[in-house]
Amino acid sequence: DTEVTQTPKHLVMGMTNKKSLKCEQHMGHRAMYWYKQKAKKPPELMFVYSYEKLSINESVPSRFSPECPNSSLLNLHLHALQPEDSALYLCASSQDFFSRGGYTFGSGTRLTVV
Amino acid sequence: AQKITQTQPGMFVQEKEAVTLDCTYDTSDQSYGLFWYKQPSSGEMIFLIYQGSYDEQNATEGRYSLNFQKARKSANLVISASQLGDSAMYFCAMREAPSEKLVFGKGTKLTVNP
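Just so it is clear, the structure is predicted and the values come from calculations on it, not from any experiment.

Visitor: What am I meant to see in the overall build of chain B here?
Guide: What chain B contains, in helices and strands, is zero helices and twelve strands. In sequence order, the secondary structure elements of chain B are arranged as β-β-β-β-β-β-β-β-β-β-β-β. In terms of overall dimensions, chain B is globule-like: its C-alpha atoms have a radius of gyration of 14 Å, near the 13 Å expected for 114 residues. When the 114 residues of chain B are sorted by exposure, 48% land in the buried category.

Visitor: What am I meant to see in unusual backbone geometry here?
Guide: Glycine aside, negative phi is the norm for most residues, and most peptide bonds take the trans geometry. The omega torsion across Thr7(A) and Pro8(A) is -5 degrees, close enough to zero to call that bond cis. As for its placement among the helices and strands, Pro8(A) is situated in the loop between strand 1 (4-7) and strand 2 (10-13). With a phi close to 70 degrees, Glu52(A) is a non-glycine residue in the positive phi region. Summarising the element assignment, Glu52(A) is placed in the loop between strand 5 (44-50) and strand 6 (53-57). Even without glycine at this site, Ala81(B) takes up a positive phi of about 45 degrees. Counting through the fold element by element, Ala81(B) comes out in the loop between strand 9 (74-79) and strand 10 (88-96). Taking relative accessible area as the criterion, Ala81(B) reaches 39% and is therefore assigned partly exposed.

Visitor: Where do I start with the packing of aromatic side chains in this structure?
Guide: Per the stated rule, a full pass over the model turns up 14 aromatic pairs over all chains. Consider the rings of Phe35(B) and Tyr37(B), whose centres lie 6.4 Å apart with planes at 25 degrees: the pair is stacked. Looking at Tyr37(B), the relative accessible area reads 0%, which means it is buried. By the ring-pair criterion, three or more aromatic residues cluster together here, those being Tyr33(A), Tyr35(A), Tyr103(A), Phe105(A), Phe35(B), Tyr37(B), Phe47(B), Tyr50(B), Phe91(B) and Phe104(B). Against the face of Tyr64(B) rests Arg63(B), its NZ or CZ located 5.7 Å from the ring centre.

Visitor: Can you help me understand the interface of chain A and chain B in this one?
Guide: Contact residues are listed per partner, giving 27 residues for chain A and 26 residues for chain B. Carbon and sulfur atoms supply 54% of the area buried between chain A and chain B, which totals about 2000 Å² over both sides. Across the contact surface, chain A and chain B share one salt bridge. Residue Lys101(B) is joined to Glu58(A) by a salt bridge in which the shortest nitrogen-to-oxygen separation is 3.1 Å. Contributing elements (two or more residues each) for the side of chain A that touches chain B: strand 4 (31-37), strand 5, strand 6 and strand 9 (87-94) of chain A. Partitioning the side of chain A that touches chain B into residue classes produces twelve nonpolar, nine polar and six charged.

Visitor: Would you mind showing me how to read the nonpolar core here?
Guide: Here is a general trend for soluble globular proteins: nonpolar side chains tend to be buried in one another's company. Judged by nonpolar contacts, the single largest core of 24 residues is most densely connected at Tyr25(B), Trp36(B), Ile49(B), Leu77(B) and Tyr90(B). Those elements that place two or more of their residues in this core are strand 3 (19-21), strand 5 (32-39), strand 6 (46-52), strand 8 (64-69), strand 9, strand 10 and strand 12 (108-113) of chain B. Here this core takes four residues from strand 10 of chain B, the largest share from any one element. Dropping the residues within four chain positions of it, Leu77(B) is found in contact with Val19(B), Thr20(B), Leu21(B), Trp36(B), Leu48(B), Ile49(B), Tyr64(B), Ser65(B) and Tyr90(B). Counting 22 residues, the second largest nonpolar core, distinct from the first, contains Leu11(A), Trp34(A), Phe64(A) and Leu78(A).

Rules of the game
- Residues numbered from 1 in each chain as written.
- Chains lettered and ligands numbered in written order.
- Predicted model: local features only at pLDDT ≥ 70, side-chain atom pairs only at ≥ 80, totals over all residues.
- Heavy atoms only, no water.
- Helix = DSSP H or I, 4+ residues; strand = E, 2+ residues; numbered from the N terminus.
- Rg over C-alpha atoms; globule rule 2.2 N^0.38 Å.
- Buried < 20%, exposed > 50% of the residue type's maximum accessible area, 1.4 Å probe, protein only.
- Phe/Tyr/Trp six-rings, centres within 6.5 Å; stacked < 30°, edge-to-face > 60°.
- Lys NZ or Arg CZ within 6 Å of the ring centre and 35° of its normal.
- Contact = heavy atoms within 4.5 Å.
- Buried area = accessible area lost by both parts, 1.4 Å probe.
- Salt bridge = Lys/Arg side-chain N within 4 Å of Asp/Glu carboxyl O.
- Nonpolar A, V, L, I, M, F, W, Y, C, P; charged D, E, K, R; others polar.
- Core = buried A, V, L, I, M, F, W, Y, C linked by side-chain atoms within 4.5 Å.

What follows is the structure in structure tokens.
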């Protein structure tokens, strides 16, 4: 299995809702990432988990809450989002710095906040 | 300062011709990795090719090759025999040791014309 699976593919939520994005990989990768991508822009790093511990938080607002229940799963809990948070949310995983395979990305969740 | 610079917002190429997408990078580290990703309109990030800073030969993967000029800090992607399915956004990215962060350039939109 060489895939990163993200669910749901599309999500529409109100500003008072609570929702979660899910990401799963079974490649034994030890690092997992959340990226946010606005239209016509490059992906921007939000969080990095390394060996199931949060290692990087790129000053992301607290309305985004990451969770790594185990080495294969990564969640992003959403609460009280703003319309400007509408974007494509990409999950990725990687083995280590010397891996020549790069980061494996999921197909993303397109989030719309109304 | 921008770590990754892609100076071509858009490129056009005729089917079956070769095209070069430019990428320059800025780092003071000796150990780093350079990546190219393709992003079709559907959103998924597809890994194309990797070049390590200590690699002596330019990386190649099928129709993709990376023209790595370390002294000039450039890592241009060459796509040979372009196909209509190559139309997409192309992102150059870099990871500096020992960081787990993958930083993207702004991307180049490639259009392959029949």
